[in-house]
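Spelled out from the first residue to the last, the chains are:
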Amino acid sequence: MAQQTLNEIQLRNALTMVAGTDPNGCFFTAYEVKNSDVAIGAAFGAIGAAIVAAENSGKPQAHLINYTPHGIYFIPIYFQKKAGYTIAPEQNFFIPHQEIKSVAVVRSGWKFYEIQIKTANGRKFRFHTHRKMKNEEYHANNVERFREIYATDSKKAQRKSTTVSAVAAVFLVLVLVGVIVMAASTDDTDTPQADSAQTYMANGERVSLDFCRIDSTFDLLLPTDFTDLTDAEFADMFPDSVGLAIADTDRTVFVAVRAWNAGEMQVDSSVLKAEYAQNGTVMSAKDETRNGLQFAEVKAVEQDGTYIHTAEFEADGAFYSVSFIADADARAAWENASDVILHSITL
């Protein structure tokens, strides 16, 4: 079975193989957002060229970032379908402190930080990392240490991000006011329906929906009063998966986002259909281009009556699965919400 995680001992062993690094220093794993292999090659010469050449074995899905007294080392981490995650210490690249213009660590979504690095020669790099990782206490501690080291740059970037978000929020409120006024002029019924892009009627109650940024990659409409699943709840529902999920208070309706390295995975509704047909009845399956993305979509009902609507797509080198799940009792009130939520996915 492919190895899905890398433990602390493996990471420390990889660091000891890289000259000049301190295995006891500040280190953690982070995932690429939009770094360019060409930019890395131009910035770091032969070592960068080696990273470009590594395309033959797949693009790095993540990096082990190691802060040292000399500068910051970046060590590629690959994922292969059969072998799982592997580290490539020989392909590391290094930015001395004197060549770093700024490093900002800012909040991004529910459980992530985005790391923004600018060099003196104008190169820019972006990564995202979990604020916490299950059973990996060192990760959270080191990420916080890294954030503290660059606290000044991080606070400036966070304020800028907050200001931009505030302006966007004001605009959204103005739009919502118009939507609410229009919605108020129509008669409400107990029939589940999406009466606007920002609300949904369930059991005679109007549920607010708002966009949330996922993995700094795509936006998704989500019910604002749903809450995060605990790590234990997520692991119970989605074993061997990485992602996040939210649910209503009664834990009868869920929205889950899971992610894998794109690798050899395909956006193909026939594959998804076959998977769901093993445990229930497939209501519909289709491949569709929407909002600039290619989607594979399936609606199914499991043997116990649970309704599942899943959309799969690729973005920024990752393979995403977004699922709307409602148990048998909640299905009648919530089934139509799945189209509203899953069709809102936008880069």
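Please refer to the structure higher up on the page.
Here's what I pulled together on the structure shown here. (Residues numbered from 1 in each chain as written. Predicted model: local features only at pLDDT ≥ 70, side-chain atom pairs only at ≥ 80, totals over all residues. Heavy atoms only, no water.)

## Remarks on the nonpolar core
Counting 37 residues, the largest nonpolar core has Phe218, Leu220, Phe313, Phe324 and Trp334 as the members making the most contacts within it. If you tally residues by element for this core, the top one is strand 19 (residues 318-326), at five residues. Here Trp334 is in contact with Tyr200, Ala202, Val207, Phe226, Val253, Phe324 and Ala326, once residues within four sequence places are set aside. Residues Cys26, Ala30, Ile117 and Phe125 belong to the second largest nonpolar core, which totals 19 residues. (Core = buried A, V, L, I, M, F, W, Y, C linked by side-chain atoms within 4.5 Å. Buried < 20%, exposed > 50% of the residue type's maximum accessible area, 1.4 Å probe, protein only. Helix = DSSP H or I, 4+ residues; strand = E, 2+ residues; numbered from the N terminus. Contact = heavy atoms within 4.5 Å.)

## So, the pairing of strand 16 (residues 280-290)
Side-chain positions along a regular strand alternate between the two faces of the sheet. One ladder, built from ten bridges, connects strand 16 with strand 17 (residues 293-302); its direction is antiparallel. Note that in strand 17 the partner of Thr281 across the bridge is Val301. Where strand 16 folds back onto strand 17 in an antiparallel hairpin, the turn is made up of two residues, including Asn291, whose phi is positive at roughly 55 degrees. (Pairing = 2+ DSSP bridges.)

## Some thoughts on the pattern of salt bridges
Taken as a whole and judged by the stated rule, the model has nine salt bridges. With a closest N to O distance of 2.9 Å, Glu8 and Arg12 form a salt bridge. Taken together, the residues Glu8 and Arg12, both in helix 1 (residues 8-16) and four residues apart, mark about one turn of the helix. Residues Glu288 and Lys286 are paired through a salt bridge, measuring 3.6 Å at the closest nitrogen-oxygen approach. Each member of the salt-bridge network shares a partner with another, and the members are Lys286, Glu288, Arg290 and Glu297. (Salt bridge = Lys/Arg side-chain N within 4 Å of Asp/Glu carboxyl O.)

## What to know about the environment of Gln278
If you trace the backbone, Gln278 turns up in the loop between helix 6 (269-277) and strand 16. According to the relative accessible area criterion, Gln278 is exposed, its value standing at 64%. Sequence separation of Gln278 and Gln303 is 25 residues, and the distance between their C-alpha atoms is 10.0 Å.

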